[in-house]
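# Architecture at a glance
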Amino acid sequence: MNKDKYAVWGNPIAQSKSPKIHQLFAQQTAQQMDYVAMLGDEANFELQLRTFFAEGAKGCNITAPFKMRAYALADEYSERALTAEACNTLKRLDDGRLYADNTDGAGLVSDLARLGWLKPQQSMLILGAGGATKGVLLPLLQAQQNIVIANRTLATAQELADKFAQYGQITAVQLSDIPVQKFDVVINATSLGLQGKTVDISPEILQKATAVYDMQYAKDADTPFVTWAKSLGATQVSDGFGMLVGQAAHSFELWRGVMPDVQPILTSAVI
Ligand code: ATR
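Scope of this entry: the structure provided in the associated data block. All of these numbers come straight from a predicted model, not from anything done at the bench.

How each quantity is defined
- Residues numbered from 1 in each chain as written.
- Predicted model: local features only at pLDDT ≥ 70, side-chain atom pairs only at ≥ 80, totals over all residues.
- Heavy atoms only, no water.
- Pairing = 2+ DSSP bridges.
- Helix = DSSP H or I, 4+ residues; strand = E, 2+ residues; numbered from the N terminus.
- Contact = heavy atoms within 4.5 Å.
- Axes fitted to C-alpha atoms, helices over the stretch in contact; angles between N-to-C directions.
- Core = buried A, V, L, I, M, F, W, Y, C linked by side-chain atoms within 4.5 Å.
- Buried < 20%, exposed > 50% of the residue type's maximum accessible area, 1.4 Å probe, protein only.
- Arc of directions from axis to C-beta.
- Salt bridge = Lys/Arg side-chain N within 4 Å of Asp/Glu carboxyl O.

## Re the sheet that holds strand β2 (residues 33-39)
If you walk across this open sheet you meet the six strands as β2-β1-β3-β5-β6-β4, and the pairing is mixed. The sheet terminates laterally at β2 and β4 (76-77), the two strands that pair on one side only. Judged from the two bridges that link them, β4 and strand β6 (residues 98-101) form a sheet pairing that is parallel. Note that in β6 the partner of E76 across the bridge is Y99. This element, helix α2 (residues 45-54), spans β1 (4-10), β2, β3 (59-62), β5 (89-92) and β6 of the sheet and lies at about 155 degrees to β3.

Written as C-alpha cells, this is what we have:
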C-alpha cells in the first residue's frame, strides 16, 4: 500500500527531531504514512514546496527560516496562523489548495497543561516579542492567560500587545522595566539561548515566579535559561521539548484526524 507522504522543511534540517516524533506517532496510532526531513533551499523554497505537493504529498511542517514564506504560499488559514502571520503546518486539501495552520501555541498550551502550570486568569510574563512570541499569543490568550510581554525593543512588544488586545489581557514593557512581582509563569521566547546567552532581567523575577519555561529545548543538557533559573533556586522549571512534541501532535491531528499520546515520546530514549 502506498503510504501518505509528509515532511518537515527547514534549513538547516539534519538536527530536526520531527521525523522521529512523527514516525513514533504513526506507529502508535497505526497510520500508514512516511515523514522525512527536507532541506529547503533559500533561493527555490516556493518551487520546492510546490513540487513536493504536486507530487502528491499530504502535508508538511515548516521550520526556520521558512515559516513566513510558507504562510505566504497558502490558500486558506486557521485563525491562529493568521494571527501568527507564520505557519508551521501545511495541509493539502482535497482540491489541491494548501491550508496553513500554526500549532506552536497549541503545543505550548498543551505542555503547560501537562505540567500543571495552566490556570485561567493567571499572570504570565513572556520575554521576547519576535516570531516565537507572535506564534503563541492567540492560544495563550484563549486559555485566559493575563500576559505581560517584555522586550528589549519596547515598540515591538507594544505592537504585539495592541494587535492582540482584542483577544484578552495583554500589556507590554521594556525588559529593564519589568515590575518585580510574582508571576505565575515566566516564559523565555527570546533567541538568546542559541548564542549560549540568557536574557538580561532582574534575577528576582525568576526567584519570585511560580514556574519558569524556556521555549527552547536541549534534550541532553539544560538550556542556558533553564540553567540560570535553576541556579537561582527556581524549582518548577522546564525547557520546550514538550512544546516541540506538542506542536507535532497538533499537526498530526490536523492531518490524520487522531490526536497521538505525547507521553511515550517525551520519555522515549530514541529521540
Ligand atoms: P524569533 O522569530 O525566533 O522569535 P526574532 O524575531 O529574531 O526570533 O526575535 C528574537 C527575540 O529575542 C526578540 O524579542 C529580540 O528582541 P528585539 O525585538 O529587541 O530585537 C530578542 N533578543 C535578541 N537578542 C537579544 C538581546 N541581546 N537582548 C535582549 N533580547 C534579545
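Alright, that's what it looks like, and here's the rest.
## Re the nonpolar core
Formed by 28 residues in total, the largest nonpolar core has its most connected members in L108, L112, L140 and I147. Contributions of two or more residues to this core are made by α5 (104-115), β7 (123-127), α7 (137-142), β8 (146-151), α8 (154-164), β9 (170-174), β10 (185-188) and β11 (211-214). Discounting residues that sit within four places of it in the chain, L140 has contacts with L108, V109, L112, M124, I126, Q145 and I147.

## Details of helix α10 (residues 224-231)
Three or more residues of α10 are buried, namely F225, V226, W228 and A229. What you see down the axis of α10 is that its buried residues fit within an arc of 160 degrees, all on one side. Taken together, the buried residues of α10 touch β7, β10, α9 (203-208), β11 and β12 (237-238). A positive backbone phi angle near 100 degrees is found at G233, which sits one or two residues after α10.

## Structural notes on unusual backbone geometry
With an omega dihedral of 5 degrees, the bond running from N11 to P12 counts as a cis peptide bond. When you line up the elements, P12 lands in the loop between β1 and α1 (18-29). Residue P65 is bonded to the preceding A64 through a cis peptide linkage, with omega at 5 degrees. With respect to the element layout, P65 can be found in the loop between β3 and α3 (67-73). Positive phi is not limited to glycine here, since Q121 has a value of about 65 degrees. Take Q121: it is sitting in the loop between α5 and β7.

## Quick look at the environment of R69
Tracing the backbone shows R69 in helix α3. We classify R69 as partly exposed; its relative accessible area is 24%. Taking C-alpha positions, R69 is 18 Å from K58, a pair spaced 11 residues apart along the chain. Those residues in contact with R69 that lie beyond four places of it in its chain are E42, A43, F45 and E46.

## Overview of the pattern of salt bridges
Between side chains of opposite charge, a pair can form as their charged atoms come close. Enumeration according to the criterion identifies 12 salt bridges in this entry. Measuring nitrogen to oxygen at the nearest pair gives 2.8 Å for the salt bridge that ties R80 to D101. Highlighted residues: R80 in helix α4 (residues 79-84) and D101 in strand β6, separated in sequence by 21 residues. For D101, a relative accessible area of 3% gives the class buried. Overlapping salt bridges, with partners in common, bring together E42, E46 and R69 in one network.

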